[in-house]
Amino acid sequence: MFSQDPNDKSLKKTEQLKAYTVNDLSQPLTTDSGLKLTNTDDSLKLGERGPALLEDFHFREKITHFDHERIPERAVHARGFGAHGYFELYESMAEYTKASFLQDPRVKTPVFVRFSTVAGSRGSADTARDVRGFATKFYTESGNYDIVGNNIPVFFIQDAIKFPDLIHAVKAEPHNETPQASTAHDTFWDFVINAPETAHMVMWVMSDRAIPRSYRMMEGFGIHTFRFINAQGKARFVKFHWKPLLGVHSLVRDEAQKIAGKDPDFHRHDLWDAIEQGNYPEYEFGVQMIEENQEFDFPFDVLDPTKLWPEELIPVKIIGKMTLNRNVDNFFAETEQVAFCPANIIPGIDFSNDPLLQGRLFSYEDTQISRLGGPNFREIPINRPIAPVHNNQRDGMHRMTIHPGPVSYFPNSLAQNSPAPVSEADGGYAHYARRIEGYKVRARSQSFRDHYSQATLFWQSLAQAEQEHVIDAFHFEAGSVKNRHIKQAVADMFAHVAPELGEQIALRIGVQRPRPVQVNEVTTIAPSLSQENTIKTAKTRKVAVLIENGFCPLAMQTMLNELKAAGAAAETVGSRLGTATALDGQQIELNKDFTTADAVLYDALFIPGGVDQVNALKKNSDARNFINQALRHAKTVGATDEAIELLRMTDASEFLEGASDTMTTPWVNQGVVVAQGTKDFQPFSWEFIHQLATHRHWARRH
């Protein structure tokens, strides 16, 4: 049933898509022409063992369609996953913009979001170190509006003319098509050292931001500077932000690489399962705004896409929330065929002179024509606006719309000049009028020349553990480069960001210590850049529970109850699939075993007591490896009673020094939580969940 609230537009897109949705359940099999078929398992032959016949129209149709099922993948952002949802406004933004979906807080606007990686192919792993695309299509009453952003607020280059060079460098090298979805190779770093404008973005890509824990736990940014324009014609510069209500959290490098082998669809599964379980991802929508007369008031150029606007300097105003509440019905028809374009604009929003944005306005339209087979890609159901479409565009590949009558031009008299342009007052789009003077040149503004100050700000704003992760990332990525000159140049280049960073890179990748360089003095930090200052919650976290026959049912059930109350989930893991029997005889189904699961797929680990169960786990090296891996990745690990002895046989032993044999209250040390000799496991479970909510315990890794 669709909402009867006239302000609830959130289901209008769903209703539109239903017209193109086919249910094959209990239906006869037919050809594409509607002919019912009696057999689809055998081709038409001359005799049972004879040659196949050319007249077999069913075989020809079936195999020909199969031969053409694949379309060109996106040149970038090929690996992606999407979901439907809606956007709701907290307060009217009429003071700042006349954009229709930002006027009335009672209105819900349907959206489709596609998350993606940039460098890898469609078949690459979700957890590669990479920028994540965060593209949002608003189906507004004024037409489709797209914010085609990333999970990082800046980009590698300042001008779109360098985009082909960047992507050629970061993609698999052309002579041998390796490596896949990776910056750990010579051509990428060769480009970086020869294009110092990349420094800031590379710092973000080497940080934890490039390996998010989940699409549900990463920020989104519009990257570019846009304009808000209100009904009075006043313009302001604006940047767009998405803030996840679960906080911003990441994996660690070793963990991300192992997940790529264990579950290359990790982020896809995570998003799909969350929506199916009713744990709808939510992101608050925020804007940074400055007056046009403030354009030159900052130590950076507001049009430079390699620079961010520090939130401490220009606060983010939270104005609404997006909720993703429906998975797609068909991946290809929706996620693969959705076409985003920064030029999809509506009244109240306009572009700036950002030279990277200006190039994207052309490039995205152009690439969809190639990828989706012609200029009619907007007629594909997922791309259709809910606003009515009337124009004189005609014909072309895959045209769906039928226009009766002889007129397909303007002006005309045969159709009374229909369809006709309308005034700005009647909703017509009017470009913001501004006077520009200058010479026609191929040049870049001097204000774009500072490539290191914000990279230094980012580095200085990170917590100690985050800085260590950046150094580790450089170690792996630049350390994988074969050319020694390129390696040395990487260390030398990032010494301009911070001398200690350049020295650590050089030490790790085996090159000479960089010579002293002049570093731009940056005396401030921006706490908003560190993930340590994000929201912390146990909600939707996933806990592995190791059990064998003879586990303590009270400890187990208490933990399961409290995890559920906290909005977290648990999976039971044992040495084999099947069931495990508790001390009281009750049986529980094992969700996974040590072959089908791995500690990298969970946020935390709990082991209940029980003599027989713990003795079985003690004999199992897979169990000890599971525990050690969780510890190595700084995750919360909990155990009760006899299971504490199992922890003492692992790397957890050093964190149990001082823990007594009788601990009726929980004992905690750097995310290792234990309790022994208690009949009330609720306080232990609460403490375990409190530790789980912190995400990771980085001090344990130092």
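In this report, the structure presented in the accompanying data block is examined. (Residues numbered from 1 in each chain as written. Predicted model: local features only at pLDDT ≥ 70, side-chain atom pairs only at ≥ 80, totals over all residues. Heavy atoms only, no water.)

1. Side note on the overall build of the protein chain
- Looking only at helices and strands, the protein chain features 18 helices and 19 strands.
- Relative to its length of 702 residues, the protein chain is compact, with a C-alpha radius of gyration of 29 Å against a globular reference of 27 Å.
- Considering only C-alpha atoms, the protein chain reaches an extent of 95 × 80 × 55 Å along its principal axes.
- Of all 702 residues assigned to the protein chain, the portion counted as buried reaches 53%.
- Expressed as a percentage of contacts within the protein chain between residues at least 6 apart in sequence, the contacts between residues at least 24 apart total 73%.
- Total accessible area computed for the protein chain in this model is approximately 32300 Å², and 51% of it derives from carbon and sulfur atoms.
- Within the protein chain, the 89 negative side-chain charges are centred at a point lying 2 Å from the centre of the 73 positive side-chain charges. (Helix = DSSP H or I, 4+ residues; strand = E, 2+ residues; numbered from the N terminus. Rg over C-alpha atoms; globule rule 2.2 N^0.38 Å. Buried < 20%, exposed > 50% of the residue type's maximum accessible area, 1.4 Å probe, protein only. Contact = heavy atoms within 4.5 Å. Areas by Shrake-Rupley, 256 points an atom, 1.4 Å probe, with all protein chains shown as cover. Lys, Arg positive; Asp, Glu negative; His and termini not counted. Charge placed at Lys NZ, Arg CZ, Asp CG, Glu CD.)

2. Some words on a nonpolar patch on the surface
- Nonpolar side chains collect at one region of the surface, where Leu 44, Leu 46 and Leu 53 lie side by side and expose about 250 Å² of accessible area between them.
- Position of Leu 53 relative to the elements: it lies in the loop between helix H1 (12–18) and helix H2 (57–67). (Patch = residues over 30% accessible without salt bridge, like charges linked within 9 Å, V, L, I, M, F, W, Y side chains within 5 Å. Salt bridge = Lys/Arg side-chain N within 4 Å of Asp/Glu carboxyl O.)

3. Re the nonpolar core
- Residues Phe 156, Trp 189, Met 203, Phe 474, Phe 494 and Leu 501 are the most contacted members of the largest nonpolar core, which totals 59 residues.
- Counting only elements with at least two residues in this core, the list comes to helix H3 (163–170), helix H4 (186–194), helix H5 (199–205), helix H10 (453–461), helix H11 (464–479), helix H12 (484–494) and helix H13 (499–509).
- Not counting residues within four places of it along the chain, the set of residues in contact with Leu 501 comprises Met 203, Trp 459, Val 470, Ile 471, Phe 474 and Phe 494.
- Membership of the second largest hydrophobic core comes to 38 residues, among which are Ala 99, Leu 102, Tyr 145 and Ile 275. (Core = buried A, V, L, I, M, F, W, Y, C linked by side-chain atoms within 4.5 Å.)

4. A few points about the environment of Asp 366
- Tracing the backbone through its elements, the reader meets Asp 366 in helix H9 (residues 355–371).
- Spatially, the C-alpha atoms of Asp 366 and Cys 341 are 9.6 Å apart, while their sequence positions differ by 25 residues.

5. With respect to the pairing of strand E2 (residues 108–117)
- Across the ten residues of E2, nine count as buried, placing the element largely inside the fold.
- Alignment of strand E1 (residues 80–89) against E2, held across nine bridges, turns out to be antiparallel. Residue pairing for E2: Gly 82 is matched across the bridge by Arg 114.
- In the sheet, E2 pairs with strand E3 (residues 132–140) via seven bridges, with the strands oriented antiparallel. Looking across to E3, one finds that Phe 112 is bridged to Lys 137. (Pairing = 2+ DSSP bridges.)

6. Some words on unusual backbone geometry
- Geometrically, the link from Phe 410 to Pro 411 is a cis peptide bond, its omega value of 0° lying close to zero.
- Summarising the element assignment, Pro 411 is placed in the loop between H9 and H10.
- Here Ser 418 and Pro 419 are connected by a cis peptide whose omega angle stands at -10°.
- Within the element layout of this structure, Pro 419 appears in the loop between H9 and H10.
- With a phi angle near 70°, Thr 540 is a residue other than glycine that sits in the positive phi range.
- As for its position among the elements, Thr 540 is in the loop between H13 and strand E11 (542–546).
- Residue class for Thr 540 comes out buried when judged on its relative accessible area of 11%.
- The phi dihedral of Gln 670 falls on the positive side, at around 50°, and the residue is not glycine.
- Summarising the element assignment, Gln 670 is placed in the loop between strand E18 (663–669) and strand E19 (672–676).
- Its relative accessible area of 34% is what places Gln 670 among the partly exposed residues.

7. Overview of the pairing of strand E14 (residues 587–590)
- As judged from the four bridges shared by strand E13 (residues 578–581) and E14, these two strands associate in the antiparallel manner. Bridging across to E14, Gly 578 finds its partner in Leu 590.

8. Looking at the packing of aromatic side chains
- One pass over the structure, following the stated rule, counts 33 aromatic pairs.
- Centre to centre, the rings of Phe 188 and Trp 189 are 5.2 Å apart; their planes meet at 80°, and the pair counts as edge-to-face.
- The ring of Tyr 86 has Lys 108 lying over it, and the distance from NZ or CZ to the ring centre is 4.7 Å.
- In this structure, Arg 700 is placed above the aromatic ring of Phe 655, and the distance from its NZ or CZ to the ring centre is 5.7 Å. (Phe/Tyr/Trp six-rings, centres within 6.5 Å; stacked < 30°, edge-to-face > 60°. Lys NZ or Arg CZ within 6 Å of the ring centre and 35° of its normal.)

9. Considerations on the pattern of salt bridges
- Applying the stated criterion across every chain, the model contains 39 salt bridges.
- Salt-bridge contacts for Glu 336 lead to Arg 74; the nearest nitrogen and oxygen are separated by 3.9 Å. Residue Glu 336 is found in helix H8 (residues 331–336), and its partner Arg 74 is found in the loop between H2 and E1; the two are separated by 262 residues along the sequence. Side by side, Glu 336 and Arg 74 carry an identical accessibility label, which is buried.

10. Some details on helix H6 (residues 253–262)
- All buried positions along H6 are accounted for by Glu 255, Ala 256 and Ile 259. The buried residues of H6 all sit within an arc of 100° when viewed along its axis, so they share a single face.
- Here the buried face of H6 lies against helix H7 (266–276). (Arc of directions from axis to C-beta.)

11. Description of H7
- Looking at H7, one finds that the buried residues are Phe 266, His 267, Arg 268, Asp 270, Leu 271, Ala 274 and Ile 275.
- Summarising the contacts, the buried residues of H7 are in contact with E1, E2, E3, H6, strand E9 (317–327) and H8.
- Once H7 ends, the next one or two residues include Gly 278, with phi positive near 85°.

12. Considering the environment of Leu 656
- Residue position: Leu 656 is located in the loop between helix H17 (643–648) and E18.
- A C-alpha to C-alpha distance of 22 Å links Leu 656 and Phe 551, two positions 105 residues apart in sequence.
- In this structure, Leu 656 is in contact with Ile 644, Leu 647, Arg 648, Trp 667, Val 672 and Val 674, ignoring residues within four places of it in sequence.

13. Observations regarding the packing of helix H14 (residues 553–565) against helix H18 (residues 682–693)
- Relative to each other, H14 and H18 sit at 45°, their axes nearing to 9 Å. Here H14 is positioned oblique relative to H18, judged by the angle of their axes. In the packing of H14 onto H18, the handedness of the crossing is right-handed. Listed contacts from H18 to Thr 558, Met 559, Glu 562 and Leu 563 of H14 are Gln 682, Phe 684, Ser 685, Trp 686, Phe 688, Ile 689 and Leu 692.
- The residue inventory of the contact of H14 with H18, partitioned by class, reads seven nonpolar, three polar and one charged. (Axes fitted to C-alpha atoms, helices over the stretch in contact; angles between N-to-C directions. Parallel < 35°, antiparallel > 145°, perpendicular 65-115°, else oblique. Left-handed = near helix turned anticlockwise from the far one by under 90°. Nonpolar A, V, L, I, M, F, W, Y, C, P; charged D, E, K, R; others polar.)

14. Here we look at the side chain of Asp 593
- Inspection of the secondary structure puts Asp 593 in strand E15 (residues 592–593).
- There is a polar contact of 2.9 Å between the side chain of Asp 593 and the backbone nitrogen of Thr 596.
- Ignoring anything within four residues of it in the chain, the contact list for Asp 593 reads Val 573, Gly 574, Ser 575, Arg 576 and Leu 577. (Polar contact = N/O pair within 3.5 Å; in protein donor to acceptor, adjacent residues only side chain to side chain.)

15. Structural notes on the side chain of Arg 227
- Within the secondary structure, Arg 227 sits in strand E6 (residues 226–229).
- A polar contact of 3.0 Å, which involves the side chain of Arg 227, links it to the backbone oxygen of Phe 351.
- Once residues lying within four places of it in the same chain are set aside, the contact partners of Arg 227 are Ala 235, Arg 236, Phe 237, Val 238, Glu 292, Gly 348, Ile 349, Asp 350, Phe 351, Ser 352, Tyr 432 and Arg 434.

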